[in-house]
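In case you want the letters, here they are:
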Amino acid sequence: MTAPHATEPTPAPETPPSAGSFDVVVVGGGSAGIGVCASLLRRQPGLRIAIIEPSARHCYQPAWTLVGGGVFDVAKTVRPTAGLIPPGATWLQHAAERIDTDARQVLLDDGRAAGYRQLIVCPGLRLAWEKIDGLEATLGENGVTSNYRLDLAPYTWKLVQGLDRGRALFTQPGMPIKCAGAPQKAMYLACDHWRREGVLGRIEVEFDLAGAALFGVADFIPSLQHYVDLYGAKLAFESNLVAVDGPSKRAWFEVKGPDGEKTRIEKSFDMLHVVPPQVPPQLIERSGLADDAGWCAVDPETLQHRRHAEIFSLGDVIGTTNAKTAAAARKQIVIIAENLLAAREGRPLPARYDGYGACPLTVERGKVVLAEFGYGGKLLPTFPLDPKVARASAWQLKTRLLPWLYWNAMLKGREWLTKAQVERR
């Protein structure tokens, strides 16, 4: 009689090779990631910090609308990532595949793992171009463009310069998106150029937006509506772009009527500026960090993860109601730096985020409505001026001062005009 085979033990899972073990690992090397790393190292220079970021170039995205309006050099929006990594930090030039919260490791795309005591999650969001049928095949040609991509913003300006009659459509998808004012800023700068060239009256301008209001903070709508009327633009509310045929210059919109019924409407165009739908990166869901909508689940005031006390998150990826802007990240950086170090020392978290975000609305060349607001639409102006008025000074801030502050302050850990917004217990 043959003896039964012994049950073979289940092999233990292989331990991934190490990419190092750190006090803090930062997932994402955009404005939020580099900025928070620099702020932490200014507070505690001895921290062992790693930034996980695959891209070799870093972009100042807030200027792309200006590029599309012909008032900013696109080359000045890009710098090598290597030159921006804060001294003392380790740059892991890889993508994060998954976060193992039990092992406190970030698994990289090369099979290695970076260990952490505390983790900061700020990989941004993903532009979901594929959600609009036919769009990817025609971007950058046939009059179809978007200021949401580095290589396309100059094409926007080329189209604006070349159009002297016809129909120009500008779109805005459902929220949330990064910089909710950017879709209409593209329209305003284009219209201002056409007005100055004397051809605006021959161009039919339409703004198709998926929402039911021109802007999410009601206080700014009258100022914006003034410019919509000035340029003779048509507003098409609850009209969401769903398909594009570039060669035939046709676009299809899903429009919700008063009864809630949705119909598909076809529109022709000579120029189409598209803002793509925007979604959280799959890393968040894959790592068990997501809220019900797929964004990183954080406390909206402390920015600490709701289920993992050692994890903090900021930037476009968080599931909070603030505007997704670089200005928001600039304020969030201070909250994270203060609270993460307090948690590290076992102290109560001292800093509270008020939802600050800013959207400098470029309503014409030379004037900006500087919209600054927090949770619940509360106005949070930095300067003692009526924020609802379009001003030349705000244009200088947008086009000259803010880019300089981005490269020389925010990414260097200099927290100018930020600490006043930190509420402490």
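Residues numbered from 1 in each chain as written. Predicted model: local features only at pLDDT ≥ 70, side-chain atom pairs only at ≥ 80, totals over all residues. Heavy atoms only, no water.

Enquirer: Break down the overall build of the protein chain for me, citing the residues and quoting the values.
Expert: Looking only at helices and strands, the protein chain features eight helices and 23 strands. The C-alpha radius of gyration computed for the protein chain amounts to 23 Å, which stays within 12% of the reference 22 Å derived for 425 residues, consistent with globular compactness. Taken along the three principal axes of its C-alpha coordinates, the protein chain extends 90 × 70 × 45 Å. Considering the protein chain as a whole, with its 425 residues, one finds that 56% of them fall into the buried category. Contacts in the protein chain between residues far apart in sequence, at least 24 positions, make up 65% of those at least 6 positions apart. Put simply, the protein chain shows about 18500 Å² of open surface, and 51% of that area lies on carbon and sulfur atoms. One way to put it: in the protein chain the 49 positive side-chain charges average out to a point 7 Å from where the 45 negative ones average out. (Helix = DSSP H or I, 4+ residues; strand = E, 2+ residues; numbered from the N terminus. Rg over C-alpha atoms; globule rule 2.2 N^0.38 Å. Buried < 20%, exposed > 50% of the residue type's maximum accessible area, 1.4 Å probe, protein only. Contact = heavy atoms within 4.5 Å. Areas by Shrake-Rupley, 256 points an atom, 1.4 Å probe, with all protein chains shown as cover. Lys, Arg positive; Asp, Glu negative; His and termini not counted. Charge placed at Lys NZ, Arg CZ, Asp CG, Glu CD.)

Enquirer: Could you give me a rundown of the sheet that holds strand 16 (residues 262–268), with the residues and numbers involved?
Expert: A sheet is described by the order of its strands in space; here three strands give the open sequence 14-15-16, paired in antiparallel fashion. Unpaired on one side and paired on the other, strand 14 (239–245) and strand 16 mark the two borders of the sheet. Neighbour to neighbour, the strand axes of the sheet diverge by 25° on average, direction disregarded. In the sheet, strand 15 (residues 250–256) pairs with strand 16 via seven bridges, with the strands oriented antiparallel. When the bridges of strand 16 are listed, Ala251 appears paired with Lys267. (Pairing = 2+ DSSP bridges. Axes fitted to C-alpha atoms, helices over the stretch in contact; angles between N-to-C directions.)

Enquirer: Now, about the environment of Ala63: what can you tell me, with residues and values included?
Expert: Counting through the fold element by element, Ala63 comes out in the loop between strand 3 (57–59) and helix 2 (64–68). Taking the C-alpha atoms as reference, Ala63 lies 8.8 Å from Asp73; in sequence the two are 10 residues apart. For Ala63, the residues in contact, after removing those within four places along its chain, are Phe72 and Thr77.

Enquirer: Describe the layout of surface pockets, naming the residues involved and giving the relevant values.
Expert: A water-sized probe rolled over the atoms picks out the places where empty space is left. What the second largest pocket holds in volume is close to 550 Å³. The wall of the second largest pocket is formed by 33 residues, among which Met175, Ala180, Gly216, Thr321 and Ala323 lie closest to the centre. In the lining of the second largest pocket, the residues fall into 19 nonpolar, 13 polar and one charged. (1 Å grid on protein atoms, 1.4 Å probe; cavity = no way out; pocket = protein on both sides within 12 Å on 5 of 7 lines; lining within 4 Å. Points joined across faces, edges and corners; volume = space filled by probe spheres on them. Nonpolar A, V, L, I, M, F, W, Y, C, P; charged D, E, K, R; others polar.)

Enquirer: Any details on the pairing of strand 15? Residues and values, ideally.
Expert: As paired strands, strand 14 and strand 15 are joined by six bridges and run antiparallel to one another. Within strand 15, the residue paired with Asn240 across the bridge is Glu254. What sits between the antiparallel neighbours strand 14 and strand 15 is a turn of four residues, in which Lys249 has the positive phi angle 50°. Two successive antiparallel strands, strand 15 and strand 16, enclose a turn made up of five residues, where Gly260 displays a positive phi of approximately 90°.

Enquirer: Describe the packing of helix 3 (residues 153–162) against helix 4 (residues 182–197), with residues and values.
Expert: Running from amino to carboxyl end, helix 3 crosses helix 4 at an angle of 30°, the nearest separation of the two axes being 9 Å. The angle between helix 3 and helix 4 places the two elements in the roughly parallel class. Crossing of helix 3 over helix 4 shows right-handed handedness. Packed against helix 3, whose contacting residues are Trp157, Val160 and Gln161, the element helix 4 presents Ala190, His193 and Trp194 at the interface. (Parallel < 35°, antiparallel > 145°, perpendicular 65-115°, else oblique. Left-handed = near helix turned anticlockwise from the far one by under 90°.)

Enquirer: An account of the side chain of Gln332 is requested, with residue identities and associated values reported.
Expert: For Gln332, the location among the structural elements is in helix 7 (residues 326–344). Gln332 gets classed as buried once you look at its relative accessible area, which sits at 1%. Engagement of the side chain of Gln332 in a polar contact is seen with the side chain of Tyr353, the distance being 3.2 Å. Ignoring any residue separated from it by four or fewer positions in sequence, one finds Gln332 in contact with Leu303, Leu314, Gly315, Ile318, Asn322 and Tyr353. (Polar contact = N/O pair within 3.5 Å; in protein donor to acceptor, adjacent residues only side chain to side chain.)

Enquirer: Hey, could you go over the pattern of salt bridges for me, with residue numbers and the actual values?
Expert: One pass over the full model with this rule turns up 24 salt bridges. The partner of Arg126 in a salt bridge is Glu130, and the shortest N-O contact between them spans 2.9 Å. A relative accessible area of 37% places Glu130 in the partly exposed class. A salt bridge links Glu301 to Arg352; its shortest N-O distance comes to 3.8 Å. (Salt bridge = Lys/Arg side-chain N within 4 Å of Asp/Glu carboxyl O.)

Enquirer: Lay out the pairing of strand 22 (residues 367–373) with the relevant residues and their values.
Expert: Within strand 22, six of the seven residues are buried, leaving the element largely enclosed by the surrounding structure. Looking at chain direction, strand 21 (residues 357–364) and strand 22 are connected through seven bridges and run antiparallel. Bridging from a neighbouring strand, Gly357 pairs with Phe373 of strand 22. Hairpin connection from strand 21 to strand 22: two residues lie between these consecutive antiparallel strands, with Gly366 at a positive phi of about 110°.

Enquirer: Summarise the sheet that holds strand 17 (residues 271–273); cite the residues concerned and give the values.
Expert: Strand order in the open sheet formed by five strands is 10-17-11-12-13, and the pairing between neighbours is parallel. A strand with exactly one partner marks an edge of an open sheet, and here the two such strands are strand 10 (144–145) and strand 13 (234–237).

Enquirer: Could you give an account of the confidence of the model for the protein chain, with specific residues and numbers?
Expert: On average, residues of the protein chain score 94 in pLDDT, and 95% of them are at 70 or above. A low-confidence stretch, residues 1–7 stays under pLDDT 50, and its non-local contacts, those more than four residues away or across chains, total zero contacts. Note that residues 420–425 has pLDDT below 50 and, in this model, 17 contacts with residues that lie over four places away or in other chains. (pLDDT = per-residue confidence, 0-100.)

Enquirer: Tell me about empty space enclosed by the protein, and name the residues and values.
Expert: Per the counting criterion, the structure on display carries two cavities of 30 Å³ or more. Volume-wise, the largest cavity comes out at about 50 Å³. Looking at the largest cavity, the residues that line it are Ser39, Arg330, Ile333, Val334, Ala409, Met410, Arg414, Glu415 and Thr418. Of all the elements, helix 7 adds the most residues to the lining of the largest cavity, at three residues. Counted by class, the lining of the largest cavity contains four nonpolar, two polar and three charged residues. Along its surface, the second largest cavity is lined by Ile132, Thr171, Gln172, Pro173, Asn240, Leu241, Val275 and Pro277. Of all the secondary structure elements, the ones that give two or more residues to the lining of the second largest cavity are strand 11 (166–172) and strand 14. Split by residue class, the lining of the second largest cavity holds five nonpolar, three polar and no charged.

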